[in-house]
Amino acid sequence: MSSEVTPFRFQDFDFYVKRDELLDPLLSGNKYRKLYTLLQTPSETYNTVISYGGTQSNAMLSIAALCKQKGWQFQYYCKPLPPHLKQQPTGNLKAALDLGMQLLESPDYETLIPTLQSQDKTLVIPQGGAAPLAEQGIKVLTDEIKQWQQEQSISKLNIVTPSGTGTTAYYLAKHLPNCQVLTTASVGNNTYLMQQMQQLGSLPHNLKLLEPSRKYHFAKPYPEFLETYQTLKQSGIEFDLIYAPKMWQTLLTNMQTIQGTILYVHSGGLMGNATMLERYAHKGLL
Ligand SMILES: *Cc1c(COP(=O)(O)O)cnc(C)c1O
């Protein structure tokens, strides 16, 4: 399954967008790519998948959808939940629980996580799917991009995508050595992101981390993120409210340093927008 590329005009600049958000409503964007290998794996290979992380994570919901499809049990470790969320799960958490995910709250989360290990028919997927397991699916994405670039006769191509763990940007750069891959950190700063990516191997020379104009906390509502989200949507494409606004803002402030065509790889995550919009409304920003 290949995703289409759409021309996208935003703030008087011309871009292209690789529409990976259209691949699947739950297994969307880079999560579809990162879990591609497992989507192709025969169901008999595993009976249980274990992962861990935040309780509104897009990766969590995508793994829940994968496990439902495959008939695998899904155990997800998290830190103890705030009582209101426990009583009434919302958003991605509710959706994942409805898909059969077993949520395991762990008071000693930090010491427990490093002890988790894959064995026999149990597979451990690190937080956010940050693992070599993700490479094959992202390679398929880069094959699609190479073919499109050739069809369009584009000589100088820049690829842009936001980073959480940096897994997507890392493998994009590795398999598109003739393109510049631009990203920015959504979790922590670029120094932290670089350390995360180095766990996958040495940093490709064509991978560039763009510096945002200010510091933001991950997954918090910011009026300017909402505004960017709304302007993007009015320009014709809906993006997520956590990763994309910061990436687009950072990209726009760096436009004068970028030469050639820009292809933004949509990273999906639209299923988390409803809860984020509720938080903006709750803060009186909407
Ligand atoms: C998971 C996610 C990312 C981050 O992907 P990494 O490969 O961890 O860098 C970016 N955007 C969206 C919408 C996501 O859900």
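Just so it is clear, the structure is predicted and the values come from calculations on it, not from any experiment.

### With respect to helix H8 (residues 167–175)
Logical step 1: Of all nine residues making up H8, eight are buried, and the element is well covered by its neighbours.
Logical step 2: Here H8 has its buried residues at Thr167, Thr168, Ala169, Tyr170, Tyr171, Leu172, Ala173 and His175.

### Here we look at the environment of Met1
Logical step 1: With respect to the element layout, Met1 can be found in the segment before strand S1 (5–10).
Logical step 2: Counting along the chain gives 143 residues from Met1 to Glu144, while the straight-line C-alpha distance between them is 9.9 Å.
Logical step 3: Dropping the residues within four chain positions of it, Met1 is found in contact with Leu23, Tyr32, Arg33 and Glu144.

### Re the nonpolar core
Logical step 1: Leu38, Val49, Phe74 and Met101 are the most contacted members of the largest nonpolar core, which has 28 residues in total.
Logical step 2: Of all the secondary structure elements, the ones that give two or more residues to this core are helix H2 (36–39), helix H3 (58–70), strand S4 (73–78) and helix H5 (91–98).
Logical step 3: At seven residues, H3 tops the list of elements feeding residues into this core.
Logical step 4: When near neighbours in sequence (up to four residues on either side) are disregarded, Met101 contacts Met60, Ala64, Phe74, Tyr76, Leu93 and Ala96.
Logical step 5: Among the nonpolar cores identified, the runner-up in size contains 22 residues, and Ala134, Ile145, Met197 and Leu207 belong to it.

### A closer look at the domain arrangement of the chain
Logical step 1: Splitting the chain by domain gives domain 1 (5–25 + 133–282) and domain 2 (32–129).
Logical step 2: A separation of 24 Å is found between the C-alpha centroids of domain 1 and domain 2.
Logical step 3: Contacts between the two partners involve 19 residues from domain 1, matched on the other side by 16 residues from domain 2.
Logical step 4: Of the roughly 1500 Å² buried between domain 1 and domain 2 on both sides combined, carbon and sulfur atoms contribute 61%.
Logical step 5: In this assembly, domain 1 and domain 2 are joined by two salt bridges.
Logical step 6: Two residues, Arg33 and Glu144, come together in a salt bridge whose shortest N-O distance is 3.0 Å.
Logical step 7: Linking domain 1 with domain 2 are four residue pairs in polar contact (both at pLDDT 80 or more), by the criterion used here.
Logical step 8: Those elements giving two or more residues to the side of domain 1 that touches domain 2 turn out to be helix H7 (135–151) and H8.
Logical step 9: Considered class by class, the residues forming the side of domain 1 that touches domain 2 number eight nonpolar, eight polar and three charged.

### Here we look at the state of the cysteines
Logical step 1: For the coordinates displayed, the defined rule picks out zero disulfides.
Logical step 2: Free of any disulfide, Cys67 has its nearest neighbouring cysteine sulfur in Cys78, separated by 16 Å.

### Concerning the packing of aromatic side chains
Logical step 1: Applying the stated rule across the entire model yields 18 aromatic pairs.
Logical step 2: Between Phe10 and Trp248 the ring centres are 5.3 Å apart and the planes differ by 75°, which places this aromatic pair in the edge-to-face class. On the criterion of sequence distance, the pair formed by Phe10 in strand S1 and Trp248 in helix H11 (residues 244–253) is long-range, its members being 238 residues apart.
Logical step 3: A relative accessible area of 2% means that Phe10 is categorised as buried.
Logical step 4: Between Phe239 and Trp248 the ring centres are 5.5 Å apart and the planes differ by 75°, which places this aromatic pair in the edge-to-face class. Here the two residues Phe239 and Trp248 agree in accessibility, since each one is buried.
Logical step 5: Following the ring pairs from residue to residue traces out a cluster consisting of Phe8, Phe10, Phe13, Phe15, Phe239, Trp248 and Tyr264.

### Things to note about the side chain of Glu135
Logical step 1: Along the chain, the position of Glu135 falls in helix H7.
Logical step 2: Among the residues examined, Glu135 registers a relative accessible area of 19% and is labelled buried.
Logical step 3: Within polar-contact distance, the side chain of Glu135 engages the side chain of His175 at 2.8 Å.

### So, the packing of H3 against H5
Logical step 1: Packing of H3 against H5 leaves a shortest axis separation of 9 Å and a crossing angle of 15°. For the element pair H3 / H5, the angle class is roughly parallel. Two packed elements cross with a definite hand, and for H3 against H5 that hand is left-handed. Contact residues: Asn58, Met60, Leu61 and Ala64 in H3; Asn92, Leu93, Ala95 and Ala96 in H5.
Logical step 2: Here the contact of H3 with H5 is built from residues that sort into six nonpolar, two polar and no charged.

### Some details on the sheet that holds strand S6 (residues 122–124)
Logical step 1: Across the sheet, which stays open at both edges, the four strands sit in the order S5-S4-S3-S6 with parallel pairing between neighbours. The open sheet is flanked by strand S5 (102–105) and S6, the only strands paired with a single partner. Averaged over all adjacent pairs, the angle separating strand axes in this sheet is 20°, with direction ignored.
Logical step 2: Pairing geometry for strand S3 (residues 48–52) and S6, over three bridges, is parallel. Across the sheet, Ile50 pairs through a bridge with Val124, a residue of S6.
Logical step 3: Lying over the sheet, H3 contacts S3 and S4, oriented at roughly 160° with respect to S4.

Definitions and limits used
Residues numbered from 1 in each chain as written. Predicted model: local features only at pLDDT ≥ 70, side-chain atom pairs only at ≥ 80, totals over all residues. Heavy atoms only, no water. Buried < 20%, exposed > 50% of the residue type's maximum accessible area, 1.4 Å probe, protein only. Helix = DSSP H or I, 4+ residues; strand = E, 2+ residues; numbered from the N terminus. Contact = heavy atoms within 4.5 Å. Core = buried A, V, L, I, M, F, W, Y, C linked by side-chain atoms within 4.5 Å. Domains from an automatic or database assignment. Buried area = accessible area lost by both parts, 1.4 Å probe. Salt bridge = Lys/Arg side-chain N within 4 Å of Asp/Glu carboxyl O. Polar contact = N/O pair within 3.5 Å; in protein donor to acceptor, adjacent residues only side chain to side chain. Nonpolar A, V, L, I, M, F, W, Y, C, P; charged D, E, K, R; others polar. Disulfide = S-S within 2.5 Å. Phe/Tyr/Trp six-rings, centres within 6.5 Å; stacked < 30°, edge-to-face > 60°. Axes fitted to C-alpha atoms, helices over the stretch in contact; angles between N-to-C directions. Parallel < 35°, antiparallel > 145°, perpendicular 65-115°, else oblique. Left-handed = near helix turned anticlockwise from the far one by under 90°. Pairing = 2+ DSSP bridges.

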